[in-house]
Amino acid sequence: MTIAFKWEKIREEQPLIHHITNYVTVTDCANITLACGASPVMAHAPEEVSEMVAHSQALVLNIGTLSQSLIESMIRAAKTANQKQVPIVLDPVGVGATTFRLQTVQELLRQVQFTVIRGNASEIATLCGFREGKGVDAIDTELKQFIPQVRKLAKQLQTVIAVSGEVDYITDGTQEAQITNGTELLTKVTGTGCMTTALIGCCLGAGIPPFTSAITSLLVMGLVGEWAEGLVEADNVGSFRTYLFDGFAKMNNQWLQKKGKVYVTAG
Amino acid sequence: MTIAFKWEKIREEQPLIHHITNYVTVTDCANITLACGASPVMAHAPEEVSEMVAHSQALVLNIGTLSQSLIESMIRAAKTANQKQVPIVLDPVGVGATTFRLQTVQELLRQVQFTVIRGNASEIATLCGFREGKGVDAIDTELKQFIPQVRKLAKQLQTVIAVSGEVDYITDGTQEAQITNGTELLTKVTGTGCMTTALIGCCLGAGIPPFTSAITSLLVMGLVGEWAEGLVEADNVGSFRTYLFDGFAKMNNQWLQKKGKVYVTAG
Amino acid sequence: MTIAFKWEKIREEQPLIHHITNYVTVTDCANITLACGASPVMAHAPEEVSEMVAHSQALVLNIGTLSQSLIESMIRAAKTANQKQVPIVLDPVGVGATTFRLQTVQELLRQVQFTVIRGNASEIATLCGFREGKGVDAIDTELKQFIPQVRKLAKQLQTVIAVSGEVDYITDGTQEAQITNGTELLTKVTGTGCMTTALIGCCLGAGIPPFTSAITSLLVMGLVGEWAEGLVEADNVGSFRTYLFDGFAKMNNQWLQKKGKVYVTAG
């Protein structure tokens, strides 16, 4: 099965993407949203999140720097989004690291219908019931061990689950995709995970179907990472990070089509 | 009428600029303040804002990521600033997007005397009573349609109003200036609006008169944008953003005088 | 006395570093932590800080954008860290600028045993009882005038105190070190102080002794600053900032050994 990428729809539709996110990578998330042609808005006050999300085309929730008041705002925004059929993507950053994060995500999953959930292997393993928990960058978890559980969870939650890693894995519970593009350098700068989630928000906001949105976004991050790596000496993470944003702005359907190593299995 | 630019006063005076601002572009605002020779301090706790602003040379208020507790701190700081004759610049980010933002700005305008207010056309249109509201990057609003209202509002509030856009517009209600420098690339990275407002704070803090402060700052952003654009391939927004900061640090009066396309009409 | 640098232990141990810090430089602190081979986690909610710090190898506290609720979280995290023998480094950003900051730091010093405290001359002078207070970048304070007081304070608090400046000064109350590497450009970008503190956290987390951790971190910042300065035209602070991160990722023991200008006096 081949994918008809619709990346350029973002630039055409210019969707407004509402982010309720962490303060570590928020600037990068705003910049990637702009770089790919969408329009970012960050707003977290309970007084305004419902109104803001109501005229947005997608909502991005990211628990990277969580607080009690932020949870309230996330639930309020997400409920409005569900009512208005605004798609929502969740990034459960570091969900295995503390009980507070885990309980928050469980509560969100109970109250909100997510369109896509994206995390690293450790975070998604936690959602599947295998709690790990070494900060937010756990890279040791072997994805292969729990693919059946991911598939089951996606089906149960009626959502798309995307796992970033050396090999990316995406499933809606029936269909599956694996992506082998990428570079380890992407794990050496903060925010590449959060930005991938922001990209999913941009794709969803442009009307791209959830499964394709997730595949497209993880592929874009991998391809741009490979491209930026080609421009720097090993370990030049400062320059690499700058080039990433050059790459996001250059991205197009042809690049995805030509360089993407995506293996899709229909259900 | 020609303008005698005093940009270098910032480097001579090294004013302390107190920012109460959003967490999306705060790093960029600190860096531009340093790049132009001033000293930034970010502080938002109600317990300290009055004391902080009392030994600052200017106050920058930016509602980009507003919350109830931030409003309280803004009003407290601004009242002290007004008492101590510390100039204040307001950036009403996304004021048209939600009732919460609009009411907050209306409350600020009631309680505080601002020296300068800077926004994009959509934001300033909202302040003039034409409410729009597509996030924070609305670029469609035609400035020409409501210039008389901007002039009237500036006179009524006894402030300088600066509107960033393809053509920038600045008025104190009597005098007017238009600036045609700039590049569309400035709209492709987050924070260029907030940074322009931060620049106004730096100019005000160095003792440059309000109308000239606003003109100088919008011109600096336009000129540095043009210069940085010349260094990059189209769409290389990552590199462009890096070069912007190189440019801010290089800026001088001669550059402004030589390359500025500023048209001033005395009242 | 010569120092056996153990910088590469960070890359070997990959410690998890828990930061409770400000929102101005937090992205830079996450990126420097990753660049030197450690793993950052930012978490500030009172509900989770104890659990987070309990499985971290070091805690970094930075009061750059302080609030009442943050103080509570800092104390809670620090008490757990003290119990679990997790080393803690404090950055008293702008402590002289307001009573709120000064009282907070005094309270922290009463309740918490810090492993290292790092600040600029003005901040450390304030801790020694000489209150100054021009924002967070006070550079005028003459270190020489109060070295005896710093030594005394270090002994009294049983901590290492590190003072960043044109000449860096580090003491544990008995031993002393001075470092003459560095460049003024490091004062022209925001976050270099906070990042130095983050580096100390990384060293401590890798098991490097406190006095050596402080020396190593201030030296790394100075050396990388010199290296990055060599790559840019004067005043190109945007590019300089990008190259800093390239340099942090390249750092190794040999570089420290070969280029470091460190003068240690045993007690």
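Residues numbered from 1 in each chain as written. Chains lettered and ligands numbered in written order. Predicted model: local features only at pLDDT ≥ 70, side-chain atom pairs only at ≥ 80, totals over all residues. Heavy atoms only, no water.

1. Things to note about the interface of chain A and chain B
1) Next: Between chain A and chain B, the residue contacts involve 27 residues of the former and 32 residues of the latter.
2) Next: Buried surface at the junction of chain A and chain B, summed over both partners, amounts to about 2,400 Å²; 52% is from carbon and sulfur atoms.
3) Next: On the chain A side of the interface with chain B, the three residues burying the most area are L34, H44 and E48 of chain A, jointly 19% of the side's total.
4) Next: At the boundary of chain A and chain B, one finds two salt bridges.
5) Next: Put simply, E48 of chain A and R101 of chain B hold a salt bridge, and the shortest N to O gap is 2.8 Å.
6) Next: Across the chain A-chain B interface, the total number found is 13 residue pairs in polar contact (both at pLDDT 80 or more).
7) Next: Looking at the side of chain A that touches chain B, the elements with two or more residues in it are α2 (26–35), β2 (39–42), α3 (49–54) and α10 (237–250) of chain A. (Contact = heavy atoms within 4.5 Å. Buried area = accessible area lost by both parts, 1.4 Å probe. Salt bridge = Lys/Arg side-chain N within 4 Å of Asp/Glu carboxyl O. Polar contact = N/O pair within 3.5 Å; in protein donor to acceptor, adjacent residues only side chain to side chain. Helix = DSSP H or I, 4+ residues; strand = E, 2+ residues; numbered from the N terminus.)

2. Some points on the relation of the copies chain A and chain B
1) Next: Least-squares fitting of chain A to chain B yields an RMSD of 0.0 Å, with the superposition described by an axial translation of 0.0 Å and a rotation of 120°. Those values place the two copies in the arrangement expected of a three-fold rotation axis. Distance from the rotation axis, computed per C-alpha, reaches its smallest value in chain A at Y23 of chain A: 3.6 Å.
2) Next: A share of only 7% of interface residues in chain A that are also interface residues in chain B marks the association as one of differing surfaces. (Least-squares fit on C-alpha atoms with pLDDT ≥ 70 in both.)

3. As for the interface of chain B and chain C
Buried accessible area, meaning the area lost when the parts come together, often serves as the stated size of an interface.
1) Next: Of the residues lining the interface, 27 residues belong to chain B; the matching set on chain C comes to 32 residues.
2) Next: For the pair chain B and chain C, the summed buried surface comes to about 2,400 Å²; carbon and sulfur atoms form 52% of the total.
3) Next: Of all residues in chain B, L34, H44 and E48 of chain B give up the largest surface area on contact with chain C, accounting jointly for 19% of the area buried on that side.
4) Next: Our enumeration of links across chain B and chain C arrives at two salt bridges.
5) Next: In this structure, K250 of chain B and E233 of chain C form a salt bridge, with 3.3 Å as the shortest nitrogen-oxygen distance.
6) Next: There are 13 residue pairs in polar contact (both at pLDDT 80 or more) connecting chain B and chain C.
7) Next: If you list the elements that add at least two residues to the side of chain B that touches chain C, you get α2 (26–35), β2 (39–42), α3 (49–54) and α10 (237–250) of chain B.
8) Next: Of the residues contributing to the side of chain B that touches chain C, the split by class is 15 nonpolar, seven polar and five charged. (Nonpolar A, V, L, I, M, F, W, Y, C, P; charged D, E, K, R; others polar.)

4. Re the packing of aromatic side chains
Residue and element names in this part refer to chain B.
1) Next: Scanning the entire structure with this criterion turns up nine aromatic pairs over all chains.
2) Next: Relative to F248, the ring of F245 lies with its centre 5.7 Å away and its plane at 85°, an arrangement referred to as edge-to-face. Of this pair, F245 and F248 both sit in helix α10, separated by three residues, roughly a single helical turn.
3) Next: On the basis of relative accessible area, F248 is assigned to the buried category, the value being 0%. (Phe/Tyr/Trp six-rings, centres within 6.5 Å; stacked < 30°, edge-to-face > 60°. Buried < 20%, exposed > 50% of the residue type's maximum accessible area, 1.4 Å probe, protein only.)

5. Here's the deal with the relation of the copies chain B and chain C
1) Next: Placing chain B over chain C gives an RMSD of 0.0 Å and needs a rotation angle of 120°, together with 0.0 Å of translation along the axis.
2) Next: When the interface residues of chain B are mapped onto chain C, a mere 7% of them again lie at the interface, so each copy presents a different face.

6. Overview of the environment of S69 of chain A
1) Next: Inspection of the secondary structure assignment puts S69 of chain A in helix α4 (residues 68–84).
2) Next: Considering only alpha carbons, one finds S69 of chain A and H44 of chain A, 25 residues apart in sequence, at a separation of 9.0 Å.

7. Considerations on the UniProt feature "binding site: substrate" (unreviewed entry) in chain A
1) Next: Here the UniProt feature "binding site: substrate" (unreviewed entry) sits at M42 and G191 of chain A.
2) Next: Along the chain, the position of M42 of chain A falls in strand β2.
3) Next: By relative accessible area, which is 6% here, M42 of chain A ends up buried.
4) Next: If we skip the residues at most four places from it in the chain, M42 of chain A touches H19, V26, C29 and A30 of chain A together with V24, G64, T65 and R101 of chain B. (UniProt positions renumbered as here; feature names shortened; annotations may be inferred.)

8. A short note on unusual backbone geometry
1) Next: Within the chain, Q85 of chain A stands out as a residue other than glycine whose phi angle is a positive 60°.
2) Next: Overall, Q85 of chain A belongs to the exposed group, its relative accessible area being 70%.

9. Things to note about the sheet that holds strand β9 (residues 262–265) of chain B
Residues and elements named next belong to chain B.
1) Next: Across the sheet, which stays open at both edges, the nine strands sit in the order β2-β1-β3-β4-β5-β6-β7-β8-β9 with mixed pairing between neighbours. The outermost strands of the open sheet, each flanked by one partner alone, are β2 and β9. If you compare each strand with its neighbour and ignore which way they point, the axes differ by 15° on average.
2) Next: Both strand β1 (residues 16–20) and strand β3 (residues 58–62) contribute to a ladder of four bridges, which runs parallel. By the bridge assignment for β3, H18 is matched with L59.
3) Next: Against the sheet, helix α8 (residues 192–205) touches β1, β3, β4 (88–91) and β5 (116–120), its axis set at about 175° to β4. (Pairing = 2+ DSSP bridges. Axes fitted to C-alpha atoms, helices over the stretch in contact; angles between N-to-C directions.)

10. Observations concerning the packing of α10 of chain A against α10 of chain B
1) Next: Viewed as axis vectors pointing N to C, α10 of chain A and α10 of chain B meet at an angle of 130°, and their least axial separation amounts to 5 Å. Accordingly, the angle class assigned to the pair α10 of chain A and α10 of chain B is oblique. For the pair formed by α10 of chain A and α10 of chain B, the contact residues are T242, Y243, F245, D246 and A249 of chain A on the first element and V237, G238, S239 and T242 of chain B on the second.
2) Next: Looking at side-chain class alone, the contact of α10 of chain A with α10 of chain B contains four nonpolar, four polar and one charged residues. (Parallel < 35°, antiparallel > 145°, perpendicular 65-115°, else oblique.)

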